[in-house]
Amino acid sequence: MLADNRKQRRARERSEARKSRRVQKAVVALSAGIAVGVGAAGAAGAETIGSQAIAENSYTTVENLIVIADNLGRTQVAMLAPAASVLPDGWVPVVTSEYSTSTEQLNFLEALTQGGQLLLAVPDTSHVPGASTALSGISPQVAQALSALPLADTLGSGATVYSKMGTALVGLNLVNLDTGIQNGLADAAELLGGNKVDQDAGQLTGIPSIDDALGFWTGSRTTSNWTGTVNWLGASGTTWISQDQVRMDGITSEQLTALFGQNLNQPDALVVSNGSKELVKVGETCRWGICIPKYDYVWIGETDGDGNQVHTTIYDPNAGVADALSALDGIDVGGFTITQREAGGSYTGALGGQAGWLAAATQVVVPGGSGADDYVATVPVYAAGISLPDGLFTTGMQLSPGLVTTSGQSVDSVLGSSTSTWSLPALGVGAQQTSLLESSHLGPDGFSYNSGWTIAAITLGDVTVPVVYSLGSVNVGPNGFGVSGPSIMGVGLPGFQVGSAPSGSVSSTIPDAISQLLGDVPTSVITLTPEMLFQLAQIEDPTGGVLSDPIGTLESVLSPLFTKYVTPTATEVSQAIADAATEAVNQGSSAIAAASAKAADVTSELADATESASQLAVTPQDVVEPSAVETAVPSSVGRHALPDERYAPTDTTDASTTYVGRHRADDGESSDAANDDATTDVGSEGTGSDAGTVTAGSDTGNSDSGSADTAGADAADAGSSSSDTGSSSAAGPDGSADVGTSDSSGSDSGDGAAA
């Protein structure tokens, strides 16, 4: 029996995998057509949603939130340190805070490649219990891919820019070749009796190399992260905020021409004196009274009316430079920005329960050129879930509105999806549902929402019951209102529409992508209407259609009345609301960014002050004069000092030794050994892949350092910068605590010391 169940489960898993692949292909094909018509403009002359400015303010706000989170983490570490110094281990939560940021320069191809990687990276919800199903990741992935469609034009424009840059480089290098040829021809003409060379054409210098030219059109990638952890009484948690942005700057012909010419010299022109060699009498030879004239070729210059020598510039290399740089004409390419940001948490209880959450968004910004609107597309993803200990109960959800875009005063979304699950593993009971193709519209012309189609599966032991249904749609606006009825397994209830819907239309067809999952499910919805009942009963409507189609009759009466009496006033009210909302959104984004910057400054001051006070609070007031042994071993500094029972003193009665933090050297039994072997180790237990490590010293009092970079860590790559800081709180073995700070610039090293 068990073998049969196992075979059935495996067969069911293979079937679901095949269905998932079919759905993915079908959704991709279907979404390409849906995404074309996204967006609706607002009223002419009204203030529009400043999508690009809002995107920039959002980026600034998240950067500030990362700093605020680190400042609050540092504050928490410092506040816990005094308590950790006097209470036994485990009584005070162990808290850490790590922050890092880095920036690197990119060329166009690197920016496209790394930006594409961000677009293909769907936010990971694996840490959220119950949030993922076989279909939950399809819609966000398709939406993120479609958000990059405008980048196709940028890619084509980028290829054109590089082609023009290559032509300009070839043209500049040909200038010197042409100069050599012109100088040679002029010298040859002079030898043959032609114009005399007064000044050779100079060589063109400062021509950019290929690498230089690739660097003229640059972008950057900036990554910022904060991670905080807490461990206490067997429970642990990790919370993080991160933001990764690839930005490619725009470029124009004027900018490129200036960059190409910034180091070019102005070579001399080829100047000649006009003239030629002529046969003239240069003398005569006389013998015996007979004189014979002597002739020779003499160069005779051409003069003007005043008798001055005529000079002519027959070649100017600078004209060739201008011709070469003219290849850069016609370039006006806007840049782009691809940003991926997320905040999340993962928590484990002391008894084994788990919880998690995630809020993420991938955003593409392409500035409009030549009067066109900016393109801003965002794909948000939200998830949350919880699992009780021993798998008693698990539930979770994942929600994505899909591809969200703005146009004028309207906000539209397509390809939305939602997933929810719950299960009782011990009983073998559970259910999951995934809704696809959700869409919405909000603008001056009203609001509309389409719930899409939902694929649900109810599990009862080894039996899975699939259900396909739709909750229909709803719309309301100044031009009308209406709903489309819900449906299940191809059978639905009628809807109605008074006036006209704000945007889009509601289809009564089950998408092929969904019908393929269940084999022979019909691809059209059978609507249960009074007319169908009359037909089934073979009764003719005696009212001529009033009873068989009451909804249609009501619509025909109400629609003209609504249009005449409600629409004019409702349009003005709706437009006023849209104007006020648009202004509030535009101003609110900048206000929030400014407020977050202020909060970052305030929390930074709070963290610094708390750390200073905490250091004073945990410093012993009555300190014994340090001996020679203690002087040789410096005390640890840095906010990365953590407790470790391995470094507990062997003799607690020795009042002459003060232990501070984890990073210390053990007391030796010989002062000479301690003086000879005591060393300082600079390391980090916070952020930084290149941070040093500390190992326990021997009982002779020396500190054995692992691999540690003590001179600032590895040098940063040219054109990039990074910084890492971290913090942690814990008690030292004797009840003291170590609280400090560590910062680095240009590397991933932390600061610490072994004492």
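Definitions and cut-offs
Residues numbered from 1 in each chain as written. Predicted model: local features only at pLDDT ≥ 70, side-chain atom pairs only at ≥ 80, totals over all residues. Heavy atoms only, no water. Salt bridge = Lys/Arg side-chain N within 4 Å of Asp/Glu carboxyl O. Helix = DSSP H or I, 4+ residues; strand = E, 2+ residues; numbered from the N terminus. Buried < 20%, exposed > 50% of the residue type's maximum accessible area, 1.4 Å probe, protein only. Patch = residues over 30% accessible without salt bridge, like charges linked within 9 Å, V, L, I, M, F, W, Y side chains within 5 Å. Areas by Shrake-Rupley, 256 points an atom, 1.4 Å probe, with all protein chains shown as cover. Pairing = 2+ DSSP bridges. Axes fitted to C-alpha atoms, helices over the stretch in contact; angles between N-to-C directions. Contact = heavy atoms within 4.5 Å. Expected span 1.5 Å × (residues − 1). Arc of directions from axis to C-beta. pLDDT = per-residue confidence, 0-100.

Enquirer: Honestly, the pattern of salt bridges in this entry has me stumped. Any pointers?
Expert: Close approach of charged atoms allows side chains with opposite charge to pair. Applying the stated criterion across every chain, the model contains three salt bridges. Residue Asp-244 is joined to Arg-221 by a salt bridge in which the shortest nitrogen-to-oxygen separation is 2.5 Å. Here the residue Asp-244 occupies a position in strand S4 (residues 235-248), and Arg-221 occupies one in strand S3 (residues 218-232), the gap between them amounting to 23 residues. Classification of Asp-244 as buried rests on a relative accessible area of 13%. What makes Arg-221 buried here is its relative accessible area of 16%. Each member of the salt-bridge network shares a partner with another, and the members are Arg-74, Asp-608 and Glu-611.

Enquirer: In this structure, what is going on with a nonpolar patch on the surface? I would like to understand it.
Expert: Side chains of Val-411, Leu-442, Phe-447, Tyr-449, Val-474, Val-476, Phe-481, Val-483 and Phe-496 sit close together on the surface and give an oily, nonpolar patch of about 670 Å² of accessible area. Contributing elements (two or more residues each) for the nonpolar patch: strand S18 (446-450), strand S21 (473-477) and strand S22 (480-484). Following the sequence through the fold, Val-476 ends up in strand S21.

Enquirer: I tried to follow the sheet that holds strand S2 (residues 196-199) on my own but got confused; where do I start?
Expert: A sheet is described by the order of its strands in space; here three strands give the open sequence S2-S6-S9, paired in antiparallel fashion. Looking along the sheet, the strands with just one partner apiece sit at the ends: S2 and strand S9 (311-315). Pairs of neighbouring strands in the sheet enclose a mean axial angle of 40°, with direction left out of account. The sheet strands contacting helix H5 (residues 151-191) are S2, strand S6 (270-273) and S9, and the helix crosses S9 at an angle near 135°.

Enquirer: Whenever I open this one, H5 confuses me. Can you help?
Expert: For an α-helix, the turn length of 3.6 residues means that residues three or four places apart are oriented alike. The end-to-end C-alpha distance of H5 is 60 Å, a good match for the 60 Å that 41 residues give at a rise of 1.5 Å each. Positive phi shows up at Gly-193, right after H5, with a value of about 95°.

Enquirer: How do you make sense of the side chain of Asn-586 when you look at a structure like this?
Expert: Along the chain, the position of Asn-586 falls in helix H11 (residues 550-618). Looking at Asn-586, the relative accessible area reads 16%, which means it is buried. Once residues lying within four places of it in the same chain are set aside, the contact partners of Asn-586 are Glu-47, Thr-48, Ile-49, Gly-50 and Ile-54.

Enquirer: What should I look at first to understand unusual backbone geometry in this one?
Expert: Excluding glycine, residues mostly carry a negative phi; peptide bonds, for their part, are mostly trans. The backbone of Leu-415 sits at a positive phi, close to 60°, despite the residue not being glycine. Mapped onto the elements, Leu-415 comes out in strand S16 (residues 410-424). For Leu-437, which is not a glycine, the phi torsion comes out positive at approximately 65°. Mapping Leu-437 onto the fold places it in strand S17 (residues 429-443). Judged by its relative accessible area of 16%, Leu-437 falls in the buried class.

Enquirer: Got a minute to help me understand helix H7 (residues 253-261) in this structure?
Expert: Those residues of H7 lying buried are Ser-253, Leu-256 and Phe-260. Down the axis of H7, the sector holding all buried residues measures 70°, keeping them to one side. If you follow the buried residues of H7, they end up packed against H5, helix H6 (210-214), strand S5 (251-252) and helix H8 (317-325).

Enquirer: Teacher, can you tell me more about the confidence of the model for the protein here?
Expert: The predicted coordinates ought not to be read in detail in places where the model reports low pLDDT. The pLDDT averaged across the protein works out to 77; a share of 70% of its residues lies at or above 70. Here residues 23-41 is a poorly scored stretch, pLDDT under 50, and it has 35 contacts once near neighbours within four places are set aside; other chains count. Residue range residues 517-523 is modelled with pLDDT below 50. Its contacts to residues more than four positions away, or to other chains, number 15 contacts.

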